[in-house]
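Descriptive structure summary
The lines below spell out each chain.
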Amino acid sequence: MSATDQNGSGSGIDAETWAAAQSSPEFAQLRKRLRNFVFPVSALFLVWYLVYVLLADYAHGFMSIKLVGNINVGLVLGLLQFVSTFVITTWYVRYANKNLDPVAEKIRENVEGGGK
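Residues numbered from 1 in each chain as written. Predicted model: local features only at pLDDT ≥ 70, side-chain atom pairs only at ≥ 80, totals over all residues. Heavy atoms only, no water.

**Focus on the overall build of the protein**
Filter applied, for reference: The secondary structure listing takes helices from DSSP runs of H or I that are at least 4 residues long and strands from runs of E that are at least 2 residues long, numbered from the N terminus. A simple rule labels every residue: compare its accessible area, found with a 1.4 Å probe on the protein chains alone, to the largest value its type can have, and call it buried under 20%, exposed over 50%, or partly exposed in between. In this description, contact between two residues means that some pair of their heavy atoms is separated by no more than 4.5 Å. Shrake-Rupley sampling with a 1.4 Å probe provides the accessible areas, and residues are treated as covered by the protein chains on show and by no other component.
The helix and strand inventory of the protein stands at five helices and two strands. Going from the N terminus to the C terminus, the protein shows its helices and strands as α-α-α-α-β-β-α. Scored against the burial criterion, the 116 residues of the protein give a buried share of 21%. Nonlocal contacts in the protein, meaning residues at least 24 apart in sequence, comprise 59% of its contacts between residues at least 6 apart. Element-wise, carbon and sulfur atoms account for 65% of the exposed surface of the protein, whose accessible area totals about 8400 Å².

Structure (structure tokens):
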């Protein structure tokens, strides 16, 4: 039984194999690709949300402009918060499938192949 198995991970892969995987160029590439997507998109979404909150608090006149019937700018922008969440999620899934998953799969194969 390896030291890893004694610690309860159950993977059967030793710490040296994990350390080698983490220091590999593929892992660095995976982290870079993930960060290049997640950080800018997260910042953009947080700015969008902050703008919405600030408008709701300080721009009552603008947010209460009626567009159609009882539907006003505030309601539309609030609903667009939900839409943007779904758009970002879809965008991330497509990005991950194309740019992250192939690299992660290669790393997994190397770790599992090297750890046996």
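**What to know about a nonpolar patch on the surface**
Condition: Nonpolar side chains (Val, Leu, Ile, Met, Phe, Trp, Tyr) are joined into patches within 5 Å and like charges within 9 Å, using only residues with over 30% relative accessible area and no salt bridge. Salt-bridge detection follows one rule: a side-chain nitrogen of Lys or Arg within 4 Å of a carboxyl oxygen of Asp or Glu.
Taken together, F62, I65, L67, V68, I71, L75, L79, F82 and F86 make up a surface patch of nonpolar side chains, about 910 Å² in accessible area. Within the residue set of the nonpolar patch, elements represented by two or more residues are β1 (66-68) and α5 (73-114). Positionally, L67 belongs in strand β1.

**Observations concerning the pattern of salt bridges**
By the definition in use, this model includes three salt bridges. Among the salt bridges present, the one from E105 reaches R108, with a minimum N-O distance of 2.3 Å. Taken together, the residues E105 and R108, both in helix α5 and three residues apart, mark about one turn of the helix. Its salt-bridge partner being R108, residue E112 comes within 2.6 Å of it at the nearest N-O pair.

**Notes on the UniProt feature "transmembrane region" (unreviewed entry) in the protein**
Heads up, the rule is: UniProt positions are given in the numbering used here, feature names are shortened, and annotations may be inferred rather than shown by experiment.
Using the residue numbers shown here, the UniProt feature "transmembrane region" (unreviewed entry) corresponds to residues 37-55 and 75-93. End-to-end, the C-alpha atoms of residues 37-55 are 27 Å apart, and along that stretch the chain is 100% helix and 0% strand. Helix and strand shares over residues 75-93 are 100% and 0% respectively, and the end C-alpha atoms of the span are 28 Å apart.

**Some thoughts on the packing of aromatic side chains**
Our working rule: Working definition: rings of Phe, Tyr and Trp (its six-membered ring) pair if their centres are within 6.5 Å, and the pair is stacked with planes under 30 degrees apart, edge-to-face with planes over 60 apart, and tilted otherwise.
According to the stated counting rule, one finds three aromatic pairs in the structure shown. When the ring of F37 is compared with that of Y95, the centres are 4.6 Å apart and the planes differ by 20°; the resulting orientation is stacked. Taken together, the residues F37 in helix α3 (residues 25-58) and Y95 in helix α5 connect sequence positions 58 residues apart. For Y95, a relative accessible area of 18% puts it in the buried group. Within the aromatic cluster, the residues linked to one another by ring pairs are F37, W91, Y92 and Y95.

**Focus: the confidence of the model for the protein**
Filter applied, for reference: pLDDT is a residue-level measure of predictor confidence that goes from 0 to 100.
Averaged over all residues, the pLDDT of the protein is 89; the fraction at 70 or higher stands at 88%. Low pLDDT (under 50) marks residues 1-8, which in the prediction has nine contacts with non-local residues, meaning those over four places away or in another chain.

**A short note on the nonpolar core**
This is how the line gets drawn: Among the buried residues, those of types Ala, Val, Leu, Ile, Met, Phe, Trp, Tyr and Cys that are joined through side-chain atoms within 4.5 Å form a nonpolar core.
Of all hydrophobic cores here, the largest spans 11 residues; its members are I13, A21, L30, F37, V41, Y95, A96, L100, V103, I107 and V111. For this core, the elements supplying multiple residues, two or more each, are α3 and α5. The biggest single contributor to this core is α5, with six residues. In contact with F37, not counting residues within four places along its chain, are W91, Y92 and Y95.

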